[in-house]
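Chain by chain, the residues run as shown.
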Amino acid sequence: MNLDLLLLAAVDGLSYASLLFMIALGLTLICGVFGVINVAHGSFYAFGGYSAATVLAWLMPDDASVPLLVCALLCTAILVGGALGALLERGIMRRFQDRDPVLQLLVTFAVFMILENLQRMIWGSTPVNAGGLVGRMGTIELLGVTFMKYQLLLVPGIALASFFGLQCLLRYSITGRKLLAVIHHREVATALGIDAARMGLMTFALGGALGAVGGALSVPMTTFVPGVAADMVVTSFAVIATAGLGQITGALVASILIGQARALAVYTLPELEVVMPYLMMVLVLLIRPSGLFSVAEARRI
Amino acid sequence: MKTLIRTLAAVLGLCMAAGPTLAQIDRPAEIKLGMSTFMTGSAAVLGAPAKVAADMWIEDFNARGGVDGVKLKQTWIDEGQGADKFLTEYRRLAQEPGEKVMVSAISSGYCGALAPVAEDLKVINILWECSSEKVLEGKNYRYVFKTDPNGTMEMVAAVLHLLKVKPDFKTLAVVNQDYAWGRDSWDLFRDALLALKPDVKIVAEMFPKFGAPDFSAEVTRLQALKPDVVLSTAWGGDLDTFLRQASQRGLLKTAQFVLPLADSSLERLGDAVPPGVIVGFVGDGYFADPEFADDPKVRDFVKKFKDKTGFYPDFGVYHMVQALEAITLAYDKTLKANAGAWPTTDQLAATFRTLEYRGLSRPIRMREDGQAMQGQLYGVTLKHSDYPFPQVGELMFYPAELVSPPVGGISADWVKTLKPEILQSQRIQRVGK
Amino acid sequence: MRHPAFSVGIGCASAALLAMAWIWPWTRMPVITFLCYGMAALGLSVLMRAGQVSFGHAMYALIAGYGAAFTVRTFPGTDALIALAAGVASAVIVGVVVAAFVSRYRGIFFGMLNLGISMVFYSLAGKLYTWTGGTDGLRLERPPLLGMALDRGGFEWGMTLLALLLALLLGWVVQRYFRSSAGQIAIAIRVNETRLEYIGLSARAAMIEAYVISSALVGIGGALLALAQGLMTPEGGYWLRSGEYVFIAILGGAGHAIGAFLGAAVFELILLVGAAYFTAIWQMVLGVTLLIVIFFAPSGLVGRFRQFRPGRAAEDQES
């Protein structure tokens, strides 16, 4: 295993890690605010990807420029994901607000089933993909290997931008501060006059948008078929559990960790490639039961 | 409890024995066909056109009168719904009363599971598409038949063609789907190649999972290792994705690709596939085969199919048609031998065993062990002005008997005994110019 | 179980099930499937008693199924019951090992850790082609049942009987467990674990006990299904399958052992009817059903029935 292959593995792992991060980010945000793991997040991913593919298929033949295509991709995803997230929160989650977290999780599981069915009804079961965009953006050479600019520059770029953007939002804007307060302790935040319900709605919309953008960024590279949501959501569970629920920086670190582990596995032990994310998750959870970056919680007696 | 179960088993046995006797007298209202294909998932790009072809063919056949007046009625099972659900559906259809023939499946994995079930239930099952030779070898089934070629023929012919096109190469890498077909086909190819060219170095063996959405890591690894030849027996949506990603990064031009199942992907990929790629047809069904350029039946069907779906037929379609032709021919032959009395399952099975039939290509002979002897067509892609996607030229035909073990032989052992003289065999024919 | 009406009801239902399986041979596999799912959901009900939900319990069905498959393939001619026992034994052994680690966790991390471990098993089962047959799975030749080599019809009938007997037996055993002191301790884990420790009982021990019992139950369901189908694939251990088990347990209600089977029956019915009549929207129907049940009857069907029986003390507090 020489250094060259190691570097190539690192580069490969980068784009996968970025995608994983985008999806895990939305999931961990919702988890932080609501304390519930949203299984339907997979559907945000799928809907984002499918819608983006439809829009691209519509725009591509018109020889649109690459920046326009990328904008269309992102805007579609943000709109679709945001709307879906907001609808989910307002329509369904609000009615189960005071129930056991496990029941809330099952509610999201039920919504996931419904949305998966809807997705199959709208887009069918033939594979959908938007590879044309990747081809349009051209290639770049690194260490004698040709990579796609899309995979090497655009995807990690957007992931980093989202990370810093979100951090800025949370630290320097009033809304962000309010959100942090609600994440920390919902009841006290409400007592201080913060409209927790509106914060909740915003969170779901934001989380949905992020998940959808993850899907939209994936669809030019991979093929979308029914079932892609289930695979992606369980991998993002692995990421957020490793990171610690509600930890944003943690999600970044965990995504990179898991992405690199998987890429390395393809080069060294290809049979273990699919096992890697879960192996890492189990190892981390056994050592640090609440994830890598979790905060200590007071025990209630 | 034991006596109860024993009595029940005895009663059941009596009923099943009585069944065929009763059937001999009555002529059925229709022949039920329990057919399976991939209707969902990435494999559906192969499965769906075959379904269209089958429905089209059956409609025509029924319009022409069916089997001595008895029409065919097909029910479809989706192979994309997972093994458990598939098997339950399969069993349910196979256990329904009435005259029926099962026509299943595409996935070599499913074929392996359903063959014993069909044999158990004494229902004739036609393996219409799955290629793995392990389904029939060493099994001696009475009711299971394969109307299309098996992996041994396909892989040995692939090795022969590679050695004819590019005799001097040093390194080879493989990217196959991780399931029965991907694994079994690689074992056959590798053993045949090493028997004929022992100095080849295999630099990478990659088995991404069936239905994998992304092959970029595999492509990077291939680019880093720079093998002379890359083999992939992948098919359907998986092959589409792999070739698209490989093509975008220039891999298809820097290595000699050998793609025995690429026939179905060429039309969808178009210019992504450069000239010079070795392509196979899982048999010899090619819509632009020069030998059948003037055959009216073939041209008719190709035109009808293209008008209906917008695409040219691929190997899946050809296999479906030849399966249906075989079934209906077997019925006709048995009816004639019976002087008009409706055949029993056993009589039909006996007819299948020595059947000679034809789909839309060269004649096919069914061997006594239930495996069809269909030769293999291989060629190299080239750009053609009449079509927006690559055509396949420099076609060579490898007869089935040349690339198969004898009856009762085990392919895994037979391929290791191949001798380099086989490359000079006079039976390998050039097709077209 | 103390009410004669209840026992009569169970008796009638069993007789009806057997009659249906006898008259229409194609219903045998669905009946076996429903009973196996019920047993697996029963395992989850045991865990839910302690207030914990595992999203990875399908891995025990996976391990037991493959255990049975390995047994049948390595020692041809082994009786089905021995293969079943071997499968369940493997599941329980793994369950004990995992319980040792997992019993410290509660709540969402309990669920997540189980999910992670199950995905490891699932991925390995799908990848180790030479041992597990990869995604195609392993085929099991039909084993003799109780020493008799049966043909397809007889075997399925025998399996249906076996599944029904096991279901009744396990239902009774679990109901006894619920009423036993171990079962009551399990409730205490959910209600207030610290107080439990204060009175000198080990929450961890109770948790391990409940976990091992649940792994055995899911294992029985999994191994039986694999033997009946003659095929074992990694899909049996996918996280969606675990989710289905949880769904069934919630649907039926974790308060009484019969809940798991009620839930399984409704689930299987929706699947069958859906596959036959509304193939395009059956998933949606399932999702909507779950939503309705959680909203209106969070204690499941069992909870609903309980409400109509006045004077019966609410001995089992559900969520």
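Treat the numbers as computed from the prediction; the structure is a model and nothing was measured.

(A) Layout of the overall build of chain B. When helices and strands are counted, chain B shows 14 helices and 16 strands. The C-alpha atoms of chain B give a radius of gyration of 22 Å, which matches the 22 Å a tight globule of 433 residues would have. In terms of principal-axis extent, the alpha carbons of chain B reach across some 65 × 55 × 40 Å. Counting only residues that meet the buried cut, chain B has 62% of its 433 residues in that class. As presented, chain B carries roughly 15,700 Å² of accessible surface, and 55% of it is formed by carbon and sulfur atoms. Distance between charge centroids for chain B: 2 Å, based on 50 positive and 53 negative side chains.

(B) Region of interest: the overall build of chain A. On a plain count of helices and strands, chain A comes out with 12 helices and 2 strands. Secondary structure elements in chain A, listed N-terminal to C-terminal, are α-α-α-α-α-β-β-α-α-α-α-α-α-α. For 301 residues, the compact-globule formula gives about 19 Å, and the C-alpha radius of gyration of chain A, at 19 Å, lands near that figure. The C-alpha extent of chain A, read off along each of the three principal axes, is 60 × 45 × 35 Å. Out of the 301 residues belonging to chain A, those deemed buried represent 58%.

(C) The sheet that holds strand β13 (residues 372-373) of chain B, seen in detail. Residues and elements named next belong to chain B. Strand order in this open sheet of 3 strands is β11-β12-β13, and the pairing throughout is antiparallel. Two strands close off the open sheet at either side, each with one partner strand: β11 (356-357) and β13. Sheet topology note: the strand β12 (residues 364-366)/β13 ladder contains 2 bridges and is antiparallel. Across the sheet, residue M366 finds its bridge partner in β13, namely A372.

(D) Up close: the packing of aromatic side chains. All names here are of chain C. Evaluated as defined, the whole model comprises 44 aromatic pairs over all chains. Ring centres of Y60 and Y211 lie 5.9 Å apart, and the angle between their planes is 85 degrees; on these two criteria the pair is classed as edge-to-face. Linking Y60 in helix α3 (residues 58-74) with Y211 in helix α9 (residues 203-229), this pair joins segments that are 151 residues apart in sequence. Exposure class is identical for Y60 and Y211. Each is buried.

(E) Highlighting the pattern of salt bridges. Residues and elements named next belong to chain B. Enumeration over the complete set of coordinates arrives at 30 salt bridges over all chains. With a shortest N-O distance of 3.2 Å, R92 and E89 are connected by a salt bridge. A residue pair is termed a helical-turn pair when its members lie 3 or 4 positions apart in one helix, as R92 and E89 do in helix α3 (residues 83-95) at 3 residues. Each of D284, D289, E291 and R362 takes part in a single network of salt bridges with overlapping partners.

(F) Quick look at the state of the cysteines. All names here are of chain B. One pass over the structure, following the stated rule, counts 1 disulfide over all chains. Put simply, C111 and C130 are joined by a disulfide, and their sulfur atoms are 2.0 Å apart. Of note, the bridge from C111 to C130 carries an S-S torsion of about -100 degrees and is left-handed in sense. Of the two residues, C111 is situated in helix α4 (residues 108-121) and C130 in the loop between β4 (125-127) and β5 (144-146); the sequence distance between them amounts to 19 residues. On the accessibility criterion, C111 (0% relative accessible area) is buried.

(G) Up close: the side chain of T108 of chain A. Residue and element names in this part refer to chain A. Summarising the element assignment, T108 is placed in helix α4 (residues 101-123). Residue classification places T108 among the buried residues on the basis of a relative accessible area of 0%. Reaching out from T108, the side chain makes a polar contact with the backbone nitrogen of V39 at a distance of 3.1 Å. Sequence-distant contacts of T108, defined by excluding residues within four places in its chain, comprise I37, N38, V39, A40 and M93.

(H) Focus on the side chain of T222 of chain A. On the secondary structure map, T222 of chain A appears in the loop between α9 (196-218) and α10 (228-243). Among all residues touching T222 of chain A, those that are not within four sequence positions of it are V128 and N129 of chain A together with P213 and D214 of chain B.

(I) Main features of the interface of chain B and chain C. The interface of chain B with chain C comprises 28 residues on the first partner and 25 residues on the second. When the shortest N-O distance is used, the salt bridge between D120 of chain B and R142 of chain C registers 2.3 Å. Among the elements of the structure, α1 (2-25), α3, α4 and α6 (180-196) of chain B are those that each provide at least two residues to the side of chain B that touches chain C. For the side of chain B that touches chain C, the residue count by class is 14 nonpolar, 4 polar and 10 charged.

(J) Looking closely at the nonpolar core. Counting 215 residues, the largest nonpolar core has Y150 and F237 of chain A together with Y60, Y211, L224 and W239 of chain C as its most contacted members. When residues no more than four places from it in sequence are discounted, the contact partners of L224 of chain C are C36, M39, L84, M159, L162, A163 and L166 of chain C. One finds I124, F189, A212 and A323 of chain B within the second-largest nonpolar core, a separate group that totals 130 residues.

(K) How the structure looks around helix α5 (residues 151-165) of chain B. Across its 15 residues, α5 of chain B extends 21 Å between first and last C-alpha, which sits within 8% of the 21 Å expected from 1.5 Å per residue. Counting buried residues along α5 of chain B, 13 of its 15 residues qualify, which places the element largely inside the surrounding structure.

(L) How the structure looks around the sheet that holds strand β1 (residues 30-37) of chain B. Residues and elements named next belong to chain B. The parallel open sheet is built from 5 strands, whose spatial order is β2-β1-β3-β4-β5. Looking at which strands have only one partner, the edges of the open sheet turn out to be β2 (71-78) and β5. Adjacent strand axes in the sheet meet at a mean angle of 20 degrees when their direction is disregarded. As defined by bridge partners, strand β3 (residues 100-103) adjoins β4 across 2 bridges and the pair is classed as parallel. Bridging from a neighbouring strand, V103 pairs with I126 of β4. Lying on the sheet, α4 is in contact with β4 and β5; it crosses β4 at an angle near 160 degrees.

(M) Spatial organisation of the interface of chain C and chain A. Facing the 41 residues of chain C at the interface are 44 residues of chain A. Each partner contributes to the roughly 4,000 Å² buried at the junction of chain C and chain A, and carbon and sulfur atoms together form 79% of this total. When the buried surface of chain C facing chain A is broken down by residue, F109, W239 and Q283 of chain C rank first, second and third, together holding 16% of it. For the pair chain C and chain A, the interface holds 0 salt bridges. At the level of secondary structure, the elements contributing two or more residues to the side of chain C that touches chain A comprise α5 (107-127), α8 (181-198), α10 (239-252) and α12 (282-296) of chain C. Here the element with the most residues in the side of chain C that touches chain A is α5 of chain C; it accounts for 12 residues. Taken together, the residues of the side of chain C that touches chain A sort by class into 31 nonpolar, 7 polar and 3 charged.

(N) Inspection of the confidence of the model for chain B at higher detail. Residues and elements named next belong to chain B. Taken as a whole, chain B shows an average pLDDT of 89; of its residues, 94% reach a score of 70 or greater. Note on residues 18-25: pLDDT under 50 across the span, and 4 contacts to partners over four residues away in sequence or across chains. Scoring the predicted complex yields pTM 0.87 and, for the interface, ipTM 0.87.

(O) Representation of the pairing of strand β9 (residues 256-259) of chain B within the structure. Residue and element names in this part refer to chain B. Of the two faces of β9, the one carrying Q256 and V258 and the one carrying F257 and L259 are both buried. As paired elements, strand β8 (residues 229-231) and β9 share 3 bridges and run parallel to each other. Along β9, the bridge assignment pairs L231 with V258. Looking at chain direction, β9 and strand β10 (residues 278-280) are connected through 2 bridges and run parallel. Bridge pairing in β10 links L259 to V279. Once the chain exits β9 it traverses helix α10 (residues 263-269) before rejoining the sheet at β10, and the crossover so formed is right-handed.

(P) Representation of unusual backbone geometry. Residue and element names in this part refer to chain B. A cis amide bond links S104 with the next residue in sequence, A105, at an omega value of 15 degrees. Turning to its location among the elements, A105 is positioned in the loop between β3 and α4. Phi at N140 takes a positive value of approximately 55 degrees, unusual for a residue other than glycine. Relative to the helices and strands, N140 is located in the loop between β4 and β5. Phi is positive for E394, which is not a glycine, with a value near 50 degrees.

The rules behind these values
Residues numbered from 1 in each chain as written. Chains lettered and ligands numbered in written order. Predicted model: local features only at pLDDT ≥ 70, side-chain atom pairs only at ≥ 80, totals over all residues. Heavy atoms only, no water. Helix = DSSP H or I, 4+ residues; strand = E, 2+ residues; numbered from the N terminus. Rg over C-alpha atoms; globule rule 2.2 N^0.38 Å. Buried < 20%, exposed > 50% of the residue type's maximum accessible area, 1.4 Å probe, protein only. Areas by Shrake-Rupley, 256 points an atom, 1.4 Å probe, with all protein chains shown as cover. Lys, Arg positive; Asp, Glu negative; His and termini not counted. Charge placed at Lys NZ, Arg CZ, Asp CG, Glu CD. Pairing = 2+ DSSP bridges. Phe/Tyr/Trp six-rings, centres within 6.5 Å; stacked < 30°, edge-to-face > 60°. Salt bridge = Lys/Arg side-chain N within 4 Å of Asp/Glu carboxyl O. Disulfide = S-S within 2.5 Å. Polar contact = N/O pair within 3.5 Å; in protein donor to acceptor, adjacent residues only side chain to side chain. Contact = heavy atoms within 4.5 Å. Nonpolar A, V, L, I, M, F, W, Y, C, P; charged D, E, K, R; others polar. Core = buried A, V, L, I, M, F, W, Y, C linked by side-chain atoms within 4.5 Å. Expected span 1.5 Å × (residues − 1). Axes fitted to C-alpha atoms, helices over the stretch in contact; angles between N-to-C directions. Buried area = accessible area lost by both parts, 1.4 Å probe. pLDDT = per-residue confidence, 0-100. Right-handed = clockwise from strand over helix to strand, strands pointing away.

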